[in-house]
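# Analysis of the macromolecular model
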Amino acid sequence: MATHIRRPLADDIVRSLKAQIRDGNYPPGTRLPTEAELCKRFGVSRATVRTALKELHVLGLIRTQQGAGTFVLDQPSVQDGLERMGSITERIRASGKVPGHEYGRRTLRQVLPDEAERMGVPADTEVLELRRRITADHDVVAYSYDLIPRDLFPADFDPDTLSGSMFAAFENLLGRHPTLGLAKVHAVMSAHIAWGPDAAKHRLFVLLDQLHYDAAHTLLAYSKTYFVEGAYEFQIVRTSD
C-alpha cells in the first residue's frame, strides 16, 4: 500500500501567506500577524511559524524589523530570465510599465587595459562610453555602463544624438541584431554605482557583466549593468535534463 507523505506544516504556511500576498490581502508595507497569531491560526508551534517566515524572507517577500514586526515588501518592478538575452526596455514594457533612459555620459575614448582584455580588442581601440539610468514608470531599476566600438558607427556620427534603448540603436542606427550574450553575474554592494536623485538609497545590485555579439560574432558592446536589488528580478529556469 502506498504511503502518503505529509508535507512539512511550514510549507502550508508559506503557500498560504504567499497566496494572500499575491492576491493583495497583505499589500506592500502591511504588517503580518504576529508569530503568536500565526501559531493560533495554523495550529502549529512557534518553531514551525519561524521556519515559514524565514523561507518567506529568503524569497524576498517579507522583512522583519526588531520590535516592530514582520512587513510585506514591495515586489520587483520588472521580471526577466537570465537564460535569455534581450532588450531591458522591452522587458520593462512587457511588465506593463513605461521604460525610460536618462543618459549621464556619451564620451568617445580609448579602452582601458582591463576593458581591452575583457572585450578581446586591441589596446588602442576607441569606444563610445555610455552611462545610463534605466527606469520603469520613472523608478530606477538599473544603472548601465556600456562600451561600444567606435568603428561600428558612421564616420560623422554625433554621440550626443544617441538616446533611448541601446538595443534599439543597434537595430535602427547600425542595422545589427544582438543574438549572443556572454555574461558573468555578481552581487555588488557599493555606494559608488548609483547616481542622480535616487543614488543614496541604491546600494545593493545584481551586476550583469556582459559582452554582446551579432550573428556574425562581431562584438557590439561590453556592458556592466547594475540592476537595483528588489526592483529588477531575474528568474532562472532549471531542469534535470
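Everything here concerns the structure above.
Below, the structure is looked at part by part. (Residues numbered from 1 in each chain as written. Predicted model: local features only at pLDDT ≥ 70, side-chain atom pairs only at ≥ 80, totals over all residues. Heavy atoms only, no water.)

## Points about the pattern of salt bridges
Evaluation of the coordinates by the stated rule reveals 14 salt bridges. Notably, a salt bridge pairs R131 with E129, separated by 3.1 Å at the nearest N-O pair. Judged by its relative accessible area of 27%, R131 is partly exposed. Take E129: its relative accessible area is 8%, and that puts it in the buried class. Between D198 and R133 there is a salt bridge, with its nearest N and O atoms 3.9 Å apart. Linking D198 in the loop between β7 (178–189) and β8 (204–214) with R133 in strand β5 (residues 126–136), this pair joins segments that are 65 residues apart in sequence. The same class applies to D198 and to R133, which are both buried. Taken together, the shared-partner salt bridges in this structure form one network comprising R105, R109, E115, E129 and R131. (Salt bridge = Lys/Arg side-chain N within 4 Å of Asp/Glu carboxyl O. Buried < 20%, exposed > 50% of the residue type's maximum accessible area, 1.4 Å probe, protein only. Helix = DSSP H or I, 4+ residues; strand = E, 2+ residues; numbered from the N terminus.)

## Some remarks on unusual backbone geometry
Residues other than glycine seldom take positive phi values, yet D137 does so here, at roughly 50 degrees. Residue placement: D137 occurs in the loop between β5 and β6 (139–149). Unusually for a residue other than glycine, H138 sits at a positive phi of about 75 degrees. With respect to the secondary-structure elements, H138 resides in the loop between β5 and β6.

## A closer look at the side chain of H202
Here H202 lies in the loop between β7 and β8. When its relative accessible area of 8% is taken as the criterion, H202 is described as buried. One polar contact links H202 to Y143, side chain to side chain, over a distance of 2.8 Å. Once residues lying within four places of it in the same chain are set aside, the contact partners of H202 are V140, Y143, S190, A194 and V228. (Polar contact = N/O pair within 3.5 Å; in protein donor to acceptor, adjacent residues only side chain to side chain. Contact = heavy atoms within 4.5 Å.)

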